[in-house]
Amino acid sequence: MFDGLSEKLSGILNTLTRRGALTEEDVNAALREVRRALLEADVALEVVRSFTDKVRARAVGAEVIKSVSPGQQVVKIVHDQLVEMLGADAEIIDLNAAPPVAILMVGLQGSGKTTTTAKIAKRLTDREKRKVLLASLDTRRPAAMEQLAVLGKQVGVDTLPIVAGQSAVQIARRAMEAARLGGYDVVMLDTAGRVTVDEGLMIEAADVKAATDPHEVLLVADALTGQDAVNTARAFDERLGVTGIVLTRMDGDARGGAALSMRAVTGKPIKLIGTGEKVDALEEFHPSRVSSRILG
Ligand code: GDP
């Protein structure tokens, strides 16, 4: 059984005599537990290190508040630091540009990119009353194109008709043109995924980006991604200038460490989370809730 971090820290720190201020020794003992909790939550090692350094700087020498135990006090410092690093409040998808606004969806194959594209389209249609056009750019996987068409139908959103033999850039240009002619507000471009980050994928997505000037580049990533989360996020962000992250499979057992890893290395906000296979299983990201989940 996993004991909550709060109880563990209380156990360690509350046996210490109150000295008026937290000493480096107290804080280091607590940080060993914090480190363990973060690693269990699958936060990448380099991020764990920078996180604990920040907490140490904040906690050592802090006056012990009379009304709370030293354990509770360190837990609060850890929680506050985590919320700060995860980002302030819920972030929204920015559509503040001349229509049709392009949203480029990127990510590894299997991350939930196509499903998330349909979920976001549904949200923009239902809640924000936008007219959305979907287009699949996965020229190598006809099944992926079909999947988007099926999902589009399910959520009541139009998909660009499939024309065989076109390149990703050609399809993207056709989508923008169709959107202009059809009076659409938003075009969501579902790029091809690969099992691992590869050069061909990045070049193709960068070409599509150059051709469509998207207002948002959303990286879809699986919350179950462990130590690889940092490399994936870094690679996509460096090449494509990610504007936001959508973390999928937050309905599973994942403690959500990938959220901290990705946010820390890219500085880009987590905009939404996927919480199931159904098309309405999409929620806003709340740093405070995810912080509690990461800490256990
Ligand atoms: P893609 O290859 O990145 O386009 O991934 P898909 O959209 O095809 O999704 C792969 C699988 O993950 C499908 O079975 C989806 O139903 C499932 N999936 C996507 N998002 C979520 C989520 O938030 N939670 C759960 N439990 N499953 C999801």
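In the nomenclature of an unreviewed UniProt entry, the protein corresponds to Signal recognition particle protein from the organism Microvirga terricola. Note on the protein: under the UniProt heading Catalytic activity (unreviewed entry), the record states "GTP + H2O = GDP + phosphate + H(+)".

Student: Give a detailed account of the sheet that holds strand β2 (residues 132-136), specifying residues and quantitative values.
Tutor: With mixed pairing, eight strands are arranged side by side in an open sheet as β3-β2-β4-β1-β5-β6-β7-β8. Strand pairing shows two members of the sheet lacking a second neighbour, β3 (158-159) and β8 (282-284), which therefore form its edges. As paired elements, strand β5 (residues 216-222) and strand β6 (residues 244-248) share five bridges and run parallel to each other. Across the sheet, V220 pairs through a bridge with V246, a residue of β6. Along the sheet face, helix α6 (residues 142-155) touches β2, β3 and β4 (186-190) and points at about 160° away from the line of β2.

Student: Residues and numbers for the pattern of salt bridges, please.
Tutor: Throughout the structure, instances matching the rule amount to 17 salt bridges. Here D126 and K122 are joined by a salt bridge, their closest N and O atoms 2.8 Å apart. You can see D126 and its partner K122 sitting in helix α5 (residues 113-126), four residues apart, about one turn around the helix. With its nearest N and O atoms 3.1 Å apart, the salt bridge here joins E177 to R180. Of this pair, E177 and R180 both sit in helix α7 (residues 168-182), three residues apart, which is roughly one turn of the helix.

Student: Describe the site of the ligand, listing the residues and the values that go with them.
Tutor: For the ligand, the set of nearby residues contains 17 residues, the closest of which are G110, K113, T115, R249 and D251. A distance of 2.7 Å separates an oxygen atom of the ligand from a polar atom in the backbone of K113. Protein coverage of the free-state accessible area of the ligand, which is 580 Å², stands at 81%. Tallying contributions element by element places α5 first for the shell around the ligand, with four residues. Per-class residue counts for the shell around the ligand are one nonpolar, 11 polar and five charged.

Student: Describe the nonpolar core, naming the residues involved and giving the relevant values.
Tutor: Grouped together as the largest cluster of nonpolar side chains are 75 residues, with contacts concentrated most on L189, F236 and L247. Counting 23 residues, the second-largest nonpolar core is a separate cluster that includes L95, M105, V157 and M188.

Student: Please provide a residue-by-residue account of the UniProt feature "domain: SRP54-type proteins GTP-binding" (unreviewed entry) in the protein, values included.
Tutor: Within this numbering scheme, the UniProt entry marks residues 269-282 as carrying the feature "domain: SRP54-type proteins GTP-binding" (unreviewed entry). With 0% helix and 43% strand, residues 269-282 has its two end C-alpha atoms placed 16 Å apart.

Student: Can you tell me about the packing of α5 against α6, naming the residues and giving the values?
Tutor: Two elements in contact, α5 and α6, have axes separated by 10 Å at closest approach and are oriented at 25°. With respect to α6, the axis of α5 lies roughly parallel. Of the two possible hands of crossing, α5 and α6 adopt the one that is right-handed. Where α5 approaches α6, its residues T114, T115, T117, A118 and K122 are matched on the opposing element by Q147, L148, L151 and V155.

Student: Explain the environment of A264 to me, using residue names and the numbers behind them.
Tutor: Relative to the elements of secondary structure, A264 occurs in helix α10 (residues 257-266). The exposure class assigned to A264 is partly exposed, which follows from its relative accessible area of 33%. On a C-alpha basis, the gap between A264 and S136 in space is 30 Å, while along the polypeptide they are 128 residues apart. Here A264 is in contact with V47 and M85, once residues within four sequence places are set aside.

Student: For helix α11 (residues 287-295), give the residues involved together with the corresponding values.
Tutor: Among the residues making up α11, those that are buried are P287, V290, S291, I294 and L295. The arc that holds the buried residues of α11, viewed along the axis, is 130°, so those residues lie on one side. Contact partners of the buried residues in α11: α1 (5-13), α2 (24-40), α4 (70-86) and α10. With its phi angle positive at about 80°, G296 sits one or two positions after the end of α11.

Student: If you had to explain the pairing of strand β7 (residues 270-274) to someone new, which residues and values would you point to?
Tutor: Within a regular strand, side chains alternate between the sheet's two faces. In terms of burial, β7 is a largely internal element, five of the five residues being buried. The pairing of β6 with β7 spans three bridges and is parallel. Note on β7: the bridge partner recorded for L247 is I273. Note that the unit made of β6, α10 and β7 has a crossover that is right-handed. Bridging between β7 and β8 involves three bridges; their strand directions are antiparallel. Within the sheet, the bridge partner assigned to L272 lies in β8 and is E284.

What counts, and at which threshold
Residues numbered from 1 in each chain as written. Predicted model: local features only at pLDDT ≥ 70, side-chain atom pairs only at ≥ 80, totals over all residues. Heavy atoms only, no water. UniProt positions renumbered as here; feature names shortened; annotations may be inferred. Pairing = 2+ DSSP bridges. Helix = DSSP H or I, 4+ residues; strand = E, 2+ residues; numbered from the N terminus. Contact = heavy atoms within 4.5 Å. Axes fitted to C-alpha atoms, helices over the stretch in contact; angles between N-to-C directions. Salt bridge = Lys/Arg side-chain N within 4 Å of Asp/Glu carboxyl O. Near = heavy atom within 4 Å. Polar contact = N/O pair within 3.5 Å; in protein donor to acceptor, adjacent residues only side chain to side chain. Areas by Shrake-Rupley, 256 points an atom, 1.4 Å probe, with all protein chains shown as cover. Nonpolar A, V, L, I, M, F, W, Y, C, P; charged D, E, K, R; others polar. Core = buried A, V, L, I, M, F, W, Y, C linked by side-chain atoms within 4.5 Å. Buried < 20%, exposed > 50% of the residue type's maximum accessible area, 1.4 Å probe, protein only. Parallel < 35°, antiparallel > 145°, perpendicular 65-115°, else oblique. Left-handed = near helix turned anticlockwise from the far one by under 90°. Arc of directions from axis to C-beta. Right-handed = clockwise from strand over helix to strand, strands pointing away.

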